[in-house]
Amino acid sequence: MTGVGTLLRLALRRDRVVLPLWVFCLGILPYVYLTGFQTLFATDQERIDYARISADNVGFVGLYGPLQGDSLGELTVWRGGFQPVLIGLAALLSVIRHTRTDEEAGRTELIRAAVVGRWAQLAAALLLTGLGGLLLGLLATATTVAAGEPVAGSIALGVVYTLDAWVFAAVGAAAAQITETARGARGIAIGVLGGAYVLRLGGDISAMGDGNLAWLSWLSPVGWAHRVFPYGANDHLPAVLSIVAAVAVTGLSAYLMTKRDLGGGLLAARLGPPTAAAGLRSPVALAWRLHRGLLLGWTLGFTALGLVFGGVAGSVAQIAEDSGGVDDIFTRMGGTDEIVDGYFGIVAALCGVIAACYAVQATLRMRDEEQNGHAEALLSTGVSRYAFAGSHLLFGLLGPAVVLLAEGLASGLVHGDVGPVLAATMVQLPAVWVPAGVALLLTGFLPRLTGLSWAVLGGALLLMLAGPLLRFDQWVMDLSPFTHVPQLPGADFTVLPLAVLTVVAAVLAGVGTTGLRRRDLPL
């Protein structure tokens, strides 16, 4: 463990922007939901009716998790049902960034040349992410207590979030030992996270029926986070399971590190053919080879989202029939006066933000290629920088169109009305392109700050989740490109905002490509 302190300070310096960003954005969400609910319900009976209907609704339980009780605190925890997934994603990406990514880039070999222990870098990455999870939990506790919720329940909520971050930080550490690339490690870790969410969803839905598969939720760290019920039963067993899992997987990752060479992984990379196929002799063909796995994964994921969202639409309609007041509540949460149309409008906007994550990830692939030296080798041939940037930007622009199309078709087919649902989804595309343009702009002029492109998405998501509940001023809401998209199918279609968003994205991409053309590589 020699050198852990020094490496931890280095990691803190490198993450001085990213770490506070995800800690604050995710830690403040419970307070946002809580204060939103405080202003949302006109009477206690309205809140109780909303909780009763939501707790018995299969669609909402599948989307947010089980709901026990009808207090504001219990509703807040339930409404943040996707929070453990977001926290887990931030944690695993943080650990992989400071382990496998550094190893792939050659920085680990340089660090190991100094007086540094074998496990020092892994320990520093886990300590950094564990500290972030702890700060996130403390922020959630402090803000909910300040909003008037019981101290014991708020502390339990903070513990749930902290342990969730620790579990998936350990998952990220184990995934970093398996493959030789950071991209592969991220794929494995995110796959585990997605599997945990699916297990939770299947178990919770089964529990509302015959209960034969309810035990699936107890196999999932995400399910454990949902079963503490901080402001209700406050069950300690799921928290104990999270601690055991975090310790066990951390120990496993340390053991696996002893079974591989530096720079290698437990799964050896396949050797490629000695010569490139004819289909790989252009920048676009090479980009397709690099992006196709990512595109396939996102397409399958969005198809699954479409199936879930399309199924939940029927539950939303049933809620409107069961309680005449709930549709008014839904309208105040940002929908339209037609509850199902409003539901699809909000879902489409959410899918737009998620698709923008793919757009940014695909666009930043050119930065990865630059850092690992592949871009320099490619540009030493007859390939221009414009062709290099354009080949990756192509997938940053058209890839989101494919995944949104998959989600819209799946959701519309399940709901039984493809046209309006598909239109509501595809109309998000110009807004999706804006963050991709920001990513390319940063790549061209400030390549070391490309991580800030994720801040654009974080801000858009925060405005989407918190803006309607907290009733932000319109100028604040207008900072998000997704605010300007017509909220189909309940709103009128207008071309002007979509045209403006498209022009903004094109200008950002054009200026960024010019910057990439003029600066040194690598930088």
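Basis of the calculations
- Residues numbered from 1 in each chain as written.
- Predicted model: local features only at pLDDT ≥ 70, side-chain atom pairs only at ≥ 80, totals over all residues.
- Heavy atoms only, no water.
- Helix = DSSP H or I, 4+ residues; strand = E, 2+ residues; numbered from the N terminus.
- Rg over C-alpha atoms; globule rule 2.2 N^0.38 Å.
- Buried < 20%, exposed > 50% of the residue type's maximum accessible area, 1.4 Å probe, protein only.
- Contact = heavy atoms within 4.5 Å.
- Lys, Arg positive; Asp, Glu negative; His and termini not counted.
- Charge placed at Lys NZ, Arg CZ, Asp CG, Glu CD.
- Arc of directions from axis to C-beta.
- Domains from an automatic or database assignment.
- pLDDT = per-residue confidence, 0-100.
- Core = buried A, V, L, I, M, F, W, Y, C linked by side-chain atoms within 4.5 Å.

A word on the overall build of the protein chain. A tally of regular secondary structure across the protein chain gives 24 helices and zero strands. The C-alpha radius of gyration computed for the protein chain amounts to 23 Å, which stays within 12% of the reference 24 Å derived for 523 residues, consistent with globular compactness. In terms of principal-axis extent, the alpha carbons of the protein chain reach across some 70 × 55 × 40 Å. Within the protein chain, the proportion of its 523 residues that are buried is 50%. Here the contacts in the protein chain between residues at least 6 apart in sequence split such that 76% fall between residues at least 24 apart. In the protein chain, the 31 positive side-chain charges and the 35 negative ones have mean positions that sit 18 Å from each other.

Moving on to helix H1 (residues 4–14). Among all positions in H1, only Val4, Leu7, Leu8 and Ala11 are buried. Projected down its long axis, H1 carries its buried residues within an arc of 105°, all on one side. Exposed and facing more than 90 degrees away from the buried side of H1 are Thr6, Arg9 and Arg13.

With that settled, the discussion passes to the domain arrangement of the protein chain. Per the domain assignment, the segments making up the protein chain are domain 1 (1–263) and domain 2 (281–523). A separation of 24 Å is found between the C-alpha centroids of domain 1 and domain 2.

Summary statistics for the protein chain give a mean pLDDT of 85 and a share of 93% for residues scoring 70 or more. Mean pLDDT values over the elements of the protein chain span from 54, in helix H15 (residues 326–332), up to 95, in helix H10 (residues 151–175).

Another aspect to go through is the nonpolar core. Judged by nonpolar contacts, the single largest core of 56 residues is most densely connected at Leu75, Trp78, Tyr343, Leu404, Val432 and Phe482. Broken down by element, this core gets its largest block of residues, 14 residues, from helix H16 (residues 339–363). If we skip the residues at most four places from it in the chain, valine 432 touches Gly352, Ala355, Ala356, Ala359, Pro400, Leu404 and Phe482. Residues Leu19, Ala173, Ala225 and Tyr231 belong to the second largest nonpolar core, which totals 35 residues.

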